[in-house]
Every structure is written in C-alpha cells, then in structure tokens.
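Breakdown of the fold
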Amino acid sequence: MSAILIIEQVLNGLQFGVMLFLMAAGLTLIFGVMGLINLAHGSLYMVGAFAAAAVAGATGSFLLGLVAALAAAALAGTLIEVVVIRRLYAAPHLDQVLATFALILVFSEGTRWIFGSFPLFLEIPDALSGPVTLPGGIEYPLYRLTLIGIGLVIAVGLWALIERTRIGIQIRAGENDREMIAALGVDISRLYTLIFALGAALAGLAGALVGAIQSVQVGMGEPVLILAFVVIVIGGIGSIRGAFIGALLVGLTDTLGGVFLPEVFKLFMEPGAAQKSGAAIASMGIYVLMGCVLVWRPTGLFGARP
Amino acid sequence: MSDAAPILETRHLSKSFGALKATDDVSITLQPGEIHAIIGPNGAGKSTLIQQICGALRPDTGNVVLDGRDISGLSTQARARAGLGRTFQVSQLCMEDSVLENALLGAVGAQGAAWRFWRRALETAELRATAEAALARVGLSDEAATRCANLSHGARRQLEVAMALTLRPRAFIMDEPMAGMGAAGSKRLTGLLDGLRQEAPILLVEHDMDAVFALADRISVLVYGKIIATGSAQEIRSSRAVREAYLGDAE
Amino acid sequence: MRIAEHWVNGAVLIGIAALPLWALLIDEPFTITLVTRAVILALAAVGLNIVLGFGGLVSFGHAVFFGLGGYAMGILAYHAQTYTVLDLGFFTTEGTKSMPIIWLVAMGISAIAAFFIGLLCLRTSGVYFIMITLAFGQMFYYFAISWAQYGGEDGLSIYVRNGFPGLNTLVPIQFFGICFALLCLVLILKARLQRAPFGLALNALRQSEARVATMGLNPMRIKLLAFVLSGAITGLAGALFADLNRFVSPAMFSWQFSGELIVLIIIGGVGRLMGPVIGACVFVALEHFLGGLTDFWHVYLGLILLGIVLFGRGGLLGLLTGKEGAHV
C-alpha cells in the first residue's frame, strides 16, 4: 500500500467529486430556488456529452466540442423549461417526478434514434493527454488534473455569482421566499429559466468532460444523476456549499472505498473472496455514508433545519 | 375556582429563536370549567406558545403539566391521547373525505384503533357512535356525508371542534377558532364554546374581542412573548399596561 | 361518460380472466404469458400504491422489493436445482422449488428490508424521500451486479419453473391462474384495508400529517407499517416475475423499473383500487403493440406520460368515472 497509490486515488476521488459537483450544484439550485425535483438533469448531461462528441468528431477540436456541449445543454434546458418545466413549479412532487421521468424517456430514446445504440467516442485533446509529474515524483494524468482545476474554478465562480452579483441576490432571496421576490418586481419567469439553463449548462459540461474518459452512450446520465441526489441529500437541498462538500465526500468515499476495502478484507479473507466481497461492499459505501448522515442530520449537513 | 388544581399548567415556558425571545417565562393555568383566553398584538408569540403546549415545538426551558402529570417530554400524539384537544387556526381537515370520516379519525385515535385492518371503520359501532355524538354536539349531523372541500368555512371551524371532542379531552386548546368567521357564524360558534366549557376547560387564543369578552372567565395578555397581565375581563379592560401594549403610549 | 367505479373494476377483472381463456381456446400461449406478465406487474404496482396513492409517499425505490423477491426465488431455486447447500451460518438449506415457501420467504425478506429502509427514509419527507428511495434502489442494484455468486450482471437462470402443489405450473394457463388468484386476493385485502381504521388513518396522513398527530395517532408507525405491507406485496410480485421468466437479474432492482411502476399507477389512476391493474394492462399492451411497431416506443410512452401529467388528471379511471384525485 504505497503512498503514491493513496495520493493517486485521492486525486481520482477529487476528480470524481468535482464532476459530481457540477451536476449537484445545478440540481440543488433548481430545487432550492424553484422547489422542483428534476430527473431530466441526467439527460442534459448526456446531451452535453453527445454534442461534444459529435462536434469534436466532426471538427477535430475538443474546445469546439466543449462549446457545443455548453450550448446544446443550455438550449435543451431552456427548451424543456419553457415547454414543460414551468407548468410544474406549483405541482405536487409526484407530477414533477413523472413529467421529468417522461423527459428522460423522450431524450434517451430520441438520442438512440439519432445516434444509434453504440457509444460515441470523445478523445482527450492532445494538449492535455499524457501524464504530468507532481511534486514527490507522482505521475498523474494531466487531463484529470485539469478536470479538478475546472471544477474548482467553477465552484469559486458559482460562489462569486451567488454571493457577489445581483442575480445571486435574487437567487438567495428566491430560496427564502418565492412569493416575496415576485412581489418585489423581479421577473420570476426569466430568473427561473436562467437558473435552469445554468444548471443545464453545468450538467452538459460535466457530461462532455467526463465523456472523454468514460464512454458517451445513452443512459450515461442517470447513474450520475442519482449520485448527485445522494450528494444533495448529504449536503442539504439548496446549499451550494453542501453540494461541494457532499460531492467531495461522495467522490472520495467511493474511490477510496473501492480501493481500500478489498485490501482491508484481505487481512482476514483469502484474496479472491476479499476482492469480491470488498468490491461489493464498497459499491454500497456511499449509500451507507448517506444513511449515516441522515440518521444524524435528516436534512443534510447544510440543509435547512426542521 | 382558584382552589381546585388546574387541569393544565405551563411552568416557566421559554423559547428563543436565535436572538428573538418568542416565549419569555410563561406560566399560566387552566382551571376546571373555565375559558381562559390569551390575547395579544400580532407577533406576540401566541402561536409559538400553542405549539409548545401541544407538542409541535420543544421549549428551551419550562414544563407543561396536564392533570398533574408532566407531559413536556411527550410527542404530539401522546399528548392528544393524554387528553389535549387542539383545534387549528388554519383548518387541518382531510378535504377529500366526508365530515363523518374526519370525525371517525378522532375516534380511531382516541380508541387506539389504528391497527385494525379488516372491519370497516364506518361499521364499527364504538367508532361511529363517538364520531356521530361529536358531530351532533357541534350541530353538524346534517352534513355528515358532505365532503370537506364542499363545506362552508363556518362548518369547517365547527368540524375542528368536533374532532377535538372525539378525543374526550381533558382540556381544549383552541387557536383562533373565530378566524375568518362572519358575525352570524361567530355568534353560533361562541354559543357552542360557551356550552363546551363544562365538558372540558378551554385555553383560547383569539383576536376576536367580542368573542373573548363574551366567553372568557379569565384573560391573559401576551406581549413580546411575556404575559403582562392576567385577570377578569373587567380587570383587563381597565388595565393601563394592557392599553399601552395595544395602543402604545397614547393618552 | 361516467360509469360507476364498481362496474369498471368488475369489467376489468372479468376481461383479465377471459382473455387467457379465449387464448387457450385459439391456442395462443403467448397471449396467456402476456396477460400473466400484466397481472404480475399489476400486483407489484398494487403494492406500491399502498404507500404512493394511499399514503402519498412517492417511493422511487420499490424496485428494491421487486428485486429482493426475485432474488429470494432465484437463490432458493438455484440451490435446489444445483443440489448445493446454502449456508447462512446460523441456518442451512438445500433450497426449494416450492412456490408457497418461496413466496413466504420473498415476502418475509421484502418486509424486513422495508422495515429498515422505512425506518431510515420515512424520517424524511418530500423530495428527500424521493431521492433517498431512489438511492437505495441503486445500492441494491450495484450490490446485485457485484455479487458474482448469483450471476452478477448476467443474472441467474432457473431451468424449470417452480412447483405448486396439485398444479402443473409449466402450463401457461395454470400459472396464470395462480398469479390471478393472488392478485384478486391482494385486491380484496387492500379493499378491506382502505375502509378499515388503518386505511382511514393512512389516507388522512396523506392529506394532513399535523391533523393525524393531534388525533392521537402515531404518523411514523402508520407509515412504517404501510411501507412494510407495500414492500411485502411487491416482493411477492418479484418472486412471481422471476418464475414467469425463469430468470433473475439486477435489472429487477433498476431505477427504470421503479419509475415504470409509478407510471403504471398514473396511467390507471393514483389511489384507486384498480388503478394499478388497469395501468399495468395498458402498459403491457402498449409495450407489446407499440413496441412491435418501433424500437423507440419509449419516446411515445414518454409523450403520453407528459400528456397525462400536464393535462389529464386522475388517469384512465378518472376519465371513465368522472372523478378526480386520489379519493378512494
């Protein structure tokens, strides 16, 4: 069990975490301000990935692919907000769940219709491929390091947006009292559309960035969506800070658990069984974490206290 | 009346929300057979007080005592079973169900019958009898089959009282029963409450001064979470402290 | 066009019973299998409807119980068919291929799981509840995938359908009969439950939790019991489903299936006794006919669903009987 391996896995966990944060931040904002649970967020992640893969594949430029991802996801987000989502703000949660579930069906099958069932490929740009040497002699993929960087930059950017801009004030006020900000003359419709599109763009970006290291295929968004839910439950609905801390916790727990649990099991089991049991239990790790947080704080670490 | 042991008592109840002292050392009693009204300007903390008595909110310090028994640690449902009959300021009714079905709910709770799965509630004699008696008492028998969503506001307030009745309570805690009532409805409800005090005393939070002065044996005035005066209607009406609290320092 | 709900319910049940008999006459065993599938899905959805329609709890993780029931069947039958022993430490068994025993085990395990999951989830409400139940579904899903001993991602095949004393379960119409009888039994129990004091309390809980507590009822216990009953019924359906297909796989735990169960209920009408049954029949019919037309029929399902949610409240039953909302 070398220090190098540990540091590598910690970095992997961080990378996983910040990408989750991109998803969770959008979701928690949408829920915090608009009171809407959005299952279609995973579809927006997928749309971003497919747009990036298609454009990068056609033009050879990863950067253009990223731009396409942001644009496509934001556009898709705006479209569904205007057509479907805005009828749901006052609706019971069941309706929101069903309508956004329906959107998943439409997006997933629609994408399969257009692109077929086989995964697309999105290549890491040459400039970012290959390892970089970190202090201590550790070699780590430059691309993953970049992802961590991008994630942190966005986290800071979001913080600045919420704490330091007028839109941010509106968002914070909206989280506290929806009726009041409407009464104060803020254009609610536009604010909501903006927030939704912002969340969508973040999801699409995450999809594109991760699509380069995993595959771009239909249904890639939902597992990430559900993980993002776990993040929000742990962090507390409506809290960006909670989403950030929660995402890092989830990312680290999942990555480190998957690596270390089998090792721990090997101490008292034979290697084959230890590997299998360890992997199986590790796959439940984040849910156990979620359960523990819930027992202690039913509304999450930074959520509104009941 | 003051010799008998109080049915309900709060002792030094205090609750703060951050820097805001919502309830400040409140000690009040409810004697058998009396109607004790709590009045006070908006924001005085009446709702917070009710919630602490009924179990929806935990006080920072202080006790709630029912029939000599400390119920401070009990849940809302346990206090209801112990004999606290609460009515809500904003009606909490099962809107989709009929009046009778709502009344049956109280009977089910009071008789611990929630764990019956086979026999229809409507056909269970004890439950139905309790429910129908309560409805008759408040004058809602004719509306037994009406869906709550279709009830008039006044009838809903009556149903609130009926549901508290099904518990066969030791004390009623009523949060603004007159809320939203017109003159005729208020009068009818006032008449109902007047007769109710014999079955169980009523702790009444109310804004409607006509009803308060018509019904209350004692009145306590709550201002900024603190009881500034307790006494008969006469005493309260002539109290300078009370007038200042309501009208400011005006002459 | 308003028809009394009783008539619609009766007609549906008669229709479900009649179709396989007719298929038997014209020798179309596949149709019988299709109707059996609808009946089993209906059973799973009836289970969910206890907490969803009745209790107002949007559980997006009921696939957990479906999968647990299926795997209970799969594991017991696997050990029986391979003549290996299942050693749980405190208890060993050679497995079994007897349906009644398998059902009891499936229901028992699902009930126990529902109890513990409920203890954790029911402390939350609203969106948290939805997300947590979804998360639990995933947990079991990934666990099943990594559990290589029982097939992992590829699933587990059971060579021969399990047996029911006195019947030849391999014959489609007889297996259908078993499933249909179970569905009817559960429907009767649920109908009684709805009108009983417990049902009254659960129904009230959906409408006003504050009210229920002030009536001396314990909301948590009521919700928990409803959740346990609901889980047990869906677990039973899972065992039957696994028997129908003679196959168990982690997909039984998937979030997509949890979503489908909710969709079934919505199509038929939330909170109504036969809502899930009608919904299941419509869903299976759509799956069969639309699915035959195009590979991408889920798009149409999605659009239909959107239509129902945005425009048509009350589902099909609401449309036929002219009543709205989850009033039972």
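Anything mentioned here points back to the structure above.
Read on for a plain summary of the structure. Bear in mind the structure is a predicted one, so any value in this text is a computation, not a measurement.

What counts and how
What you see as residue numbers is a count from 1 along each chain, following the sequence as written. For this description, chains carry letters from A and ligands carry numbers from 1, given in the order in which they are written. In keeping with the predicted nature of the model, local features appear solely for residues at pLDDT of at least 70, side-chain atom pairs appear and are counted solely at 80 or more, and the whole-chain, interface and lining totals rest on all residues. Put simply, DSSP H or I for four residues or longer makes a helix, DSSP E for two residues or longer makes a strand, and each gets a number counted from the N terminus. The size measure is the radius of gyration over C-alpha atoms, and the globule rule it meets is 2.2 Å times the number of residues to the 0.38 power. With C-beta atoms placed from the backbone, a residue counts as buried when 20 or more other C-beta atoms lie within 10 Å of its own, as exposed when 12 or fewer do, and as partly exposed for counts between those limits. By the criterion used throughout, residues are in contact when their C-beta atoms, derived from the backbone, lie within 7 Å. We treat two strands as partners when DSSP finds at least two bridges between them. Between the N-to-C directions of two axes lies an angle of 0 to 180 degrees, each axis being a line fitted to C-alpha atoms and, for a helix, fitted only over the stretch in contact. Each helix should span, by expectation, one fewer than its residue count multiplied by 1.5 Å. For this scheme, ten residues count as nonpolar: Ala, Val, Leu, Ile, Met, Phe, Trp, Tyr, Cys and Pro. Four count as charged, namely Asp, Glu, Lys and Arg, and the remainder, Gly too, count as polar. Take the buried Ala, Val, Leu, Ile, Met, Phe, Trp, Tyr and Cys residues, join any whose C-beta atoms are within 7 Å, and the set you get is a nonpolar core. Start and end positions for the domains come from either an automated domain assignment or a database one. These descriptions rest on fixed angle ranges, namely under 35 degrees for roughly parallel, over 145 for roughly antiparallel, 65 to 115 for roughly perpendicular, and the rest for oblique. A clockwise turn of the near helix away from the far one marks a right-handed crossing, whereas an anticlockwise turn of less than a right angle marks a left-handed crossing.

1. Topic: the overall build of chain C
When its secondary structure is counted, chain C shows 13 helices and 4 strands. For 328 residues, the compact-globule estimate of 2.2 N^0.38 gives 20 Å, and chain C sits close to it at 19 Å. By principal-axis analysis of the C-alpha atoms, chain C measures approximately 55 × 50 × 40 Å. Put simply, chain C has 328 residues, and 56% of those count as buried. A fraction of 75% describes how many contacts in chain C between residues 6 or more apart in sequence connect residues 24 or more apart.

2. A closer look at the overall build of chain A
Helices and strands together make up the secondary structure of chain A, namely 11 helices and 2 strands. Reading chain A from its N terminus to its C terminus gives the helix and strand order α-α-α-α-β-β-α-α-α-α-α-α-α. Radius of gyration (C-alpha) of chain A: 20 Å, near the 19 Å computed for a compact globule of 306 residues. Overall, chain A is about 65 × 50 × 35 Å in size when its C-alpha atoms are taken along their principal axes.

3. Considerations on the sheet that holds strand E7 (residues 84-87) of chain B
Residue and element names in this part refer to chain B. Ordered in space as E7-E8-E9-E4-E10-E11, the 6 strands form an open sheet in which the pairing is mixed. At either margin of the open sheet sits one strand with a lone partner, and together these are E7 and strand E11 (226-231). Sheet twist, expressed as the average angle between the axes of neighbouring strands with direction ignored, equals 15°. Two strands pair when backbone bridges link them, and strand E10 (residues 218-223) and E11 are joined in this way by 5 bridges, in the antiparallel orientation. Across the sheet, residue Leu222 finds its bridge partner in E11, namely Ile227. On the sheet, helix H1 (residues 46-54) packs against strand E4 (35-39), E7, strand E8 (171-175), strand E9 (202-205) and E10 and is oriented at approximately 150° with respect to E8. The sheet strands contacting helix H5 (residues 153-166) are E7 and E8, and the helix crosses E7 at an angle near 165°.

4. Things to note about helix H5 (residues 142-164) of chain A
Quick reminder: α-helices carry 3.6 residues per turn. Residues three or four places apart thus point the same way. End to end, H5 of chain A covers 32 Å across 23 residues, agreeing with the expected 33 Å (1.5 Å per residue, within 8%). Its buried side turned inward, H5 of chain A meets helix H1 (3-34), strand E2 (138-141), helix H8 (188-211) and helix H10 (240-266) of chain A.

5. Observations regarding the interface of chain C and chain B
One frequently used descriptor of interface size is the decrease in accessible area upon assembly of the parts. With 22 residues of chain C at the contact, the number on the chain B side is 30 residues. Broken down by secondary-structure element, the contributors of at least two residues to the side of chain C that touches chain B are helix H6 (172-195), helix H7 (197-207) and helix H8 (209-214) of chain C. If you tally residues by element for the side of chain C that touches chain B, the top one is H7 of chain C, at 6 residues. Tallied by class, the residues present in the side of chain C that touches chain B amount to 12 nonpolar, 7 polar and 3 charged.

6. A word on the interface of chain A and chain C
Facing the 37 residues of chain A at the interface are 36 residues of chain C. The dominant element in the side of chain A that touches chain C, judged by the number of residues it contributes, is helix H4 (residues 93-115) of chain A, at 16 residues. Looking at the side of chain A that touches chain C, its residues break down into 26 nonpolar, 5 polar and 6 charged.

7. Quick notes on the environment of Ala164 of chain B
All names here are of chain B. The residue Ala164 is located in helix H5 in this model. Taking the C-alpha atoms as reference, Ala164 lies 8.2 Å from Leu84; in sequence the two are 80 residues apart. When near neighbours in sequence (up to four residues on either side) are disregarded, Ala164 contacts Gly85, Arg86, Thr87, Pro169 and Phe172.

8. A closer look at the nonpolar core
One broad rule of soluble globular proteins: the nonpolar side chains tend to lie buried together. Membership of the largest hydrophobic core comes to 295 residues, with the highest contact counts inside it found for Val230 of chain A together with Ala201 of chain C. Counting residues per element, this core draws most heavily on helix H2 (residues 29-54) of chain C, at 17 residues. When we break this core down by domain, the ones giving at least three residues each are domain 1 (1-83 + 169-251) and domain 2 (96-167) of chain B. In this structure, Leu261, Phe265, Ala279 and Ala280 of chain A belong to the second largest nonpolar core, which totals 5 residues.

9. Things to note about the arrangement of the chains
Summarising the chain contacts, 2 pairs of chains touch, and the pair with the most contacts is chains A and C. Without any contact between them, chain A and chain B keep their closest C-alpha atoms 11 Å apart.

10. Quick word on the packing of helix H3 (residues 63-81) of chain C against helix H4 (residues 99-121) of chain C
All names here are of chain C. At a minimum axis distance of 9 Å, the contact between H3 and H4 shows a crossing angle of 140°. If you check the angle between H3 and H4, you find them oblique. Classified by chirality, the crossing of H4 by H3 is right-handed. Taken together, the residues of H4 that come into contact with H3 (itself represented by Val64, Phe65, Leu68, Gly69, Ala72, Met73 and Leu76) are Ile102, Val105, Ala106, Ile109, Ser110, Ala113, Ala114 and Ile117.

11. Re the pairing of strand E1 (residues 131-134) of chain A
All names here are of chain A. The pairing of E1 with E2 spans 4 bridges and is antiparallel. Within E2, the position partnered with Leu134 by the bridge is Ile138. Where E1 folds back onto E2 in an antiparallel hairpin, the turn is made up of 3 residues, including Gly136, whose phi is positive at roughly 105°.

12. As for the packing of helix H10 (residues 255-268) of chain C against helix H11 (residues 275-293) of chain C
All names here are of chain C. Packing of H10 against H11 brings their axes to within 7 Å, and their N-to-C directions diverge by 105°. The angle between H10 and H11 places the two elements in the roughly perpendicular class. Residues Val263, Leu264, Ile265, Ile266, Ile267 and Gly268 of H10 touch H11, and the partners they reach there are Gly275, Pro276, Val277, Ile278, Gly279, Ala280, Val282 and Phe283. Partitioned by chemical class, the residues of the contact of H10 with H11 number 11 nonpolar, 3 polar and no charged.

The analysis is restricted to geometry; functional conclusions fall outside its scope.
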